[in-house]
Protein chains: 2
Amino acid sequence: MLDTAFAQRLTEALGPEVVATAPDDVAPWLSDWRGLYKGHAQAVVRPRSTEQVAQALALCQQAAVPVVPRGGNTGLCGGAAPGNSPANVVISLDRMDKIRSIDTIANTMVAEAGCILGNLRRAAEENDRLFPLSLAAEDSCQIGGNLATNAGGVNVVRYGMTRELVLGVEAVLPNGEVFHGLRTLRKDNTGYDLKQLLIGSEGTLGIITAAALRLSPRADSRAVVLAAVESSKQALQLYSLLFARCGARLQAYEFFTGDCLDLVLTHAENVQAPFAERHPAYVLLEIADTASEDVLNALLESVIGDALEQGLCLDAAVSASLAQLQGLWRLREEISEAQRADGLHLKHDVSLPIESIPAFMASMEARLLARYPGIRPFIFGHFGDGNLHYNLSRPLGADPKWALGDGKAVSDEVMEEVARYNGSISAEHGIGQLKRDAFLALKDPLELRLMRAIKQVFDPSGIMNPGKLL
Amino acid sequence: MLDTAFAQRLTEALGPEVVATAPDDVAPWLSDWRGLYKGHAQAVVRPRSTEQVAQALALCQQAAVPVVPRGGNTGLCGGAAPGNSPANVVISLDRMDKIRSIDTIANTMVAEAGCILGNLRRAAEENDRLFPLSLAAEDSCQIGGNLATNAGGVNVVRYGMTRELVLGVEAVLPNGEVFHGLRTLRKDNTGYDLKQLLIGSEGTLGIITAAALRLSPRADSRAVVLAAVESSKQALQLYSLLFARCGARLQAYEFFTGDCLDLVLTHAENVQAPFAERHPAYVLLEIADTASEDVLNALLESVIGDALEQGLCLDAAVSASLAQLQGLWRLREEISEAQRADGLHLKHDVSLPIESIPAFMASMEARLLARYPGIRPFIFGHFGDGNLHYNLSRPLGADPKWALGDGKAVSDEVMEEVARYNGSISAEHGIGQLKRDAFLALKDPLELRLMRAIKQVFDPSGIMNPGKLL
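Every value quoted in this text rests on a predicted model; they were computed, and no experiment measured them. (Residues numbered from 1 in each chain as written. Chains lettered and ligands numbered in written order. Predicted model: local features only at pLDDT ≥ 70, side-chain atom pairs only at ≥ 80, totals over all residues. Heavy atoms only, no water.)

(A) The arrangement of the overall build of chain A in detail. What chain A contains, in helices and strands, is 16 helices and 19 strands. Relative to the globule expectation of 23 Å for 470 residues, the C-alpha radius of gyration of chain A, 23 Å, shows essentially globular dimensions. The dimensions of chain A, computed from C-alpha atoms along their principal axes, are 70 × 55 × 45 Å. Buried residues in chain A amount to 60% of all 470 residues. Across chain A, every contact between residues at least 6 apart in sequence was considered, and the portion connecting residues at least 24 apart equals 72%. Total accessible area computed for chain A in this model is approximately 17100 Å², and 50% of it derives from carbon and sulfur atoms. (Helix = DSSP H or I, 4+ residues; strand = E, 2+ residues; numbered from the N terminus. Rg over C-alpha atoms; globule rule 2.2 N^0.38 Å. Buried < 20%, exposed > 50% of the residue type's maximum accessible area, 1.4 Å probe, protein only. Contact = heavy atoms within 4.5 Å. Areas by Shrake-Rupley, 256 points an atom, 1.4 Å probe, with all protein chains shown as cover.)

In structure tokens:
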């Protein structure tokens, strides 16, 4: 039975403006944005300060009440949606949205967890700096969620995952203690780097309330190339050339198949085929520099010239204006939407040792086609990081709800095959509820044991985001 | 009493070629290279494989025998020197020195812990890649030790600490279990990032036996500038300009005072004053690029021109040849040796929020001079990372052994002042034995409690490197 006195105590402690308990007020906080997961909660807490987060957590722990931390709710694995316990308390960080400081000497920004990523990017830009984390949901996701899931995105090939952009973290542990790790130091070799555990912990160890982030120089000279390639193998060889020649300028290296482009050209508006011919696959690459565009263009011309001469691509289109640059990017960005327009489908966010991608793509496709004739892979992703969004649509003519029936079995096959290549079943989306079974089945038992023991250190009463990750 | 049967069991299990127990054979392994720490050990184990490391650790844990992991023994904090227990077993990784793979498509190198850092750098270069970790001891330190201490060095401002160069780790836990984390994936969001605990743990959690390292493009176009500045404040402003204009090309930003240069000009051979005038301080900066030298030189000319025009430096010398580049670097690199020639002194490896450096330098010097009139600070370091080697020499005319007497009290003052500015008492050297007391006194009690609990998870019997760090 639910202890109704608890919600009352919580409200008394934090005030009715912070704690919502009426079913209508709680209802919008019970599911993920895609509507795949729907759970229960007795209350939603929306603190305005680290102290209020601490108060809420301390009360929850005392009463053994499960806590579901919530950022912008843009996750794809159900990590921020409550499970089935009616006792759940959702703690949303959305009201902690202050930028505490921006420093262009130290090149740091201290932001509260509820800050929208896009706002942080714009704030950095206004200060002539770059906060490089960039992903599709950037105008609704929150930086706290980005840290909790160690978000990736399109610029990882240059700037790394969220983890690599974080200098310090402030967090509240389940017992209400505040972890004061909000340091802006570039170097600090004093003991175990505890913040690394909180980053990527998906709300299972504590609640991140603020982060000290590393800013980069703005790299405003930009150019985009769309290269047609005959295979993922050729895309790899092209990558090797660009890596060596462009160095740190290479900030995106995206791959998609000809099938993906066909889908975009069918479903998206105002897009046009980039080449007269259809090609088996494409690479979209972006290079950017702090120096002038002339320098960049000269480099690009020379590198792409060499690539064509050495037979590392079939054809190439180089952006000559910002409009062209954005037009080329749209061919890549519209893939998800085009696949949605094509109908219900299965998404997989996997990574592989980059040199294994061609072999994986071949054996994965053979395995799936043997078992599910006509299944349609739409493969795209952050190729330079070895990260593929290996998405699958129903065979043409199959029941539009096919994915609901065969989906789990198909996904299990994908994840097994990924594991066979020593890949990761979650490159950048995390585990949440969606991949928990596969994670527990496929992860090394020693690592699972260590993770559970660490969970026990931070959260001995097990109240943090139960049913997610571990 | 020492259980002498243990050394015998160890020898029987691993063979006399791997286990040394004769006092003469053990003696060379009992102290750090500077001779500041000298301890005891009943045996030295030099395994040839991960399996042998596992066997040795399992036997040690069963017998509750303390283990001291050892790399190249170049550390400055006594982390690899055994303590006073006669039961200690030193496990040296020096024989595990194979490069298991180098991959120029994936841009990864898998190296065993005993590989000499300089050899890894050369192997990468032979494969047209860069392994960017670079530090004074690179031709004797081992990569396992670099990971265990999260080593820094001169290129951190561009490439980050060792932690940021590591994709995966293989390690043996104290009970002999092997942690198979040798992944080369760029992205892997499947649970807590456990390798981050092993990196920087100073041998207190387990023994790293191999690492998957990230390679960078070679950036062979290089230029060095020595800029004279009137103060550390001006050095900061100059840094801000260079950061914004040079972007990722900026790979070293070193600072030293006029006093440091005087010392070098007095004690080092074949060096010459870089400017006609003496200046209060200097910045040595290096920029490097994959593109041609022309591009680099044009950029540099423009940036340094602007710096002079905007009054961000007093004078500047730009290298026009490799010989000049090396000559400028020597002015910075010879500081340690010159200070040694000047006599016994105190070293401090600290870091500060970079914008606080001028205030710290002012208050620190006032505090020290008030208490120790005539004390001579020689301040240099990796300024772009906020990392100062805040070294102190005796007042002129004082007893040459002054550092032995007042040293501890002086160092305590330095570390207290650093803590007052939210700096770190160990930027890149770690804690080891040298800074353990200060670490335990100054670190946040919550962080210490979490670290001890994590230590308990990995090393419940407490055999790993006792007396170091925690």
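(B) Up close: the interface of chain A and chain B. At the junction of the two partners, chain A supplies 91 residues and chain B supplies 90 residues. It is K187, N189 and Y192 of chain A in chain A that bury the most area against chain B; as a group they hold 15% of the surface buried on that side. One can count 14 salt bridges joining chain A with chain B. Our count for the contact surface shared by chain A and chain B stands at 40 residue pairs in polar contact (both at pLDDT 80 or more). Elements with a contribution of two residues or more to the side of chain A that touches chain B: α6 (156-159), β9 (178-181), α7 (195-198), β11 (216-217), α8 (232-246) and α16 (445-458) of chain A. Counting residues per element, the side of chain A that touches chain B draws most heavily on α16 of chain A, which supplies 10 residues. Looking at side-chain class alone, the side of chain A that touches chain B contains 38 nonpolar, 29 polar and 24 charged residues. (Buried area = accessible area lost by both parts, 1.4 Å probe. Salt bridge = Lys/Arg side-chain N within 4 Å of Asp/Glu carboxyl O. Polar contact = N/O pair within 3.5 Å; in protein donor to acceptor, adjacent residues only side chain to side chain. Nonpolar A, V, L, I, M, F, W, Y, C, P; charged D, E, K, R; others polar.)

(C) Focus on the UniProt feature "domain: FAD-binding PCMH-type" (unreviewed entry) in chain A. The sites that carry the UniProt feature "domain: FAD-binding PCMH-type" (unreviewed entry) are, in the present numbering, residues 37-218 of chain A. The span residues 37-218 of chain A is 21% helical and 24% strand by assignment, and the distance between its end C-alpha atoms comes to 39 Å. (UniProt positions renumbered as here; feature names shortened; annotations may be inferred.)

(D) Looking closely at helix α1 (residues 4-14) of chain A. Residue and element names in this part refer to chain A. If you check which residues of α1 are buried, you get F6, A7, L10, T11 and L14. Seen end-on, α1 carries its buried residues on one side only, within an arc spanning 135 degrees. The exposed set on the far side of α1, more than 90 degrees from its buried face, consists of T4 and E12. Tucked into the core, α1 has its buried residues touching β1 (19-20), β2 (43-45), α3 (50-62) and β4 (89-92). In the segment just after α1, G15 is the residue with positive phi, at about 95 degrees. (Arc of directions from axis to C-beta.)

(E) Seen up close, the environment of I207 of chain A. All names here are of chain A. Its location among the elements puts I207 in strand β10 (residues 207-214). For the pair I207 and M464, spaced 257 residues apart in the sequence, the C-alpha separation amounts to 8.7 Å. Filtering out sequence-adjacent residues up to four positions away, I207 remains in contact with V53, L57, V67, P69, I91, L93, E170, A171, V172 and M464.

(F) Region of interest: helix α9 (residues 258-267) of chain A. G258, C260, L261, L263 and V264 of chain A are the residues of α9 of chain A that are buried. Against the buried residues of α9 of chain A lie β13 (250-257), β14 (281-289), α11 (322-333), α12 (335-342) and β18 (376-381) of chain A.

(G) Main features of the relation of the copies chain A and chain B. Mapping chain A onto chain B leaves a residual RMSD of 0.0 Å; the transformation is a rotation of 180 degrees accompanied by 0.0 Å of translation along its axis. Overall, the copies show the geometry of a two-fold rotation axis. Most of the interface of chain A is mirrored in chain B, where 99% of its interface residues are also at the interface. (Least-squares fit on C-alpha atoms with pLDDT ≥ 70 in both.)

(H) How the structure looks around the confidence of the model for chain A. Scored by pLDDT, chain A comes out at a mean of 96, with 100% of its residues at no less than 70. We note a pTM of 0.97 for the whole complex and an ipTM of 0.96 for its interfaces. (pLDDT = per-residue confidence, 0-100.)

(I) Focus on the packing of aromatic side chains. In the structure shown here, the tally under the stated rule is 16 aromatic pairs over all chains. A connected cluster of aromatic rings, assembled from ring pairs, spans Y239, F243, Y253, F255 and F383 of chain A. (Phe/Tyr/Trp six-rings, centres within 6.5 Å; stacked < 30°, edge-to-face > 60°.)

(J) Representation of the nonpolar core. Judged by nonpolar contacts, the single largest core of 92 residues is most densely connected at F131 and L213 of chain A together with F131 and L213 of chain B. Not counting residues up to four positions away in its chain, the partners in contact with L213 of chain B are N107, T108, M109, A111, L120, F131, I143, L147, L165, V166 and L167 of chain B. (Core = buried A, V, L, I, M, F, W, Y, C linked by side-chain atoms within 4.5 Å.)

(K) Main features of the domain arrangement of chain A. Residue and element names in this part refer to chain A. Once the domains are mapped, chain A shows domain 1 (4-92), domain 2 (99-217), domain 3 (220-342) and domain 4 (343-431). On a C-alpha basis, the centres of domain 3 and domain 4 stand 23 Å from each other. Contact with domain 3, which involves 20 residues of that partner, is made by 22 residues of domain 4. Summing the contributions of domain 3 and of domain 4, the shared interface buries around 1700 Å²; its carbon and sulfur component is 58%. Of all residues in domain 3, the largest losses of buried area upon contact with domain 4 belong to F255, Q339 and D342, amounting jointly to 35% of the total for that side. Scanning the region where domain 3 abuts domain 4 turns up 2 salt bridges. In this structure, R376 engages D342 in a salt bridge whose closest nitrogen and oxygen atoms are separated by 2.8 Å. For the interface between domain 3 and domain 4, the tally reads 12 residue pairs in polar contact (both at pLDDT 80 or more). Contributions of two or more residues to the side of domain 3 that touches domain 4 are made by α8, β13, α9 and α12. (Domains from an automatic or database assignment.)

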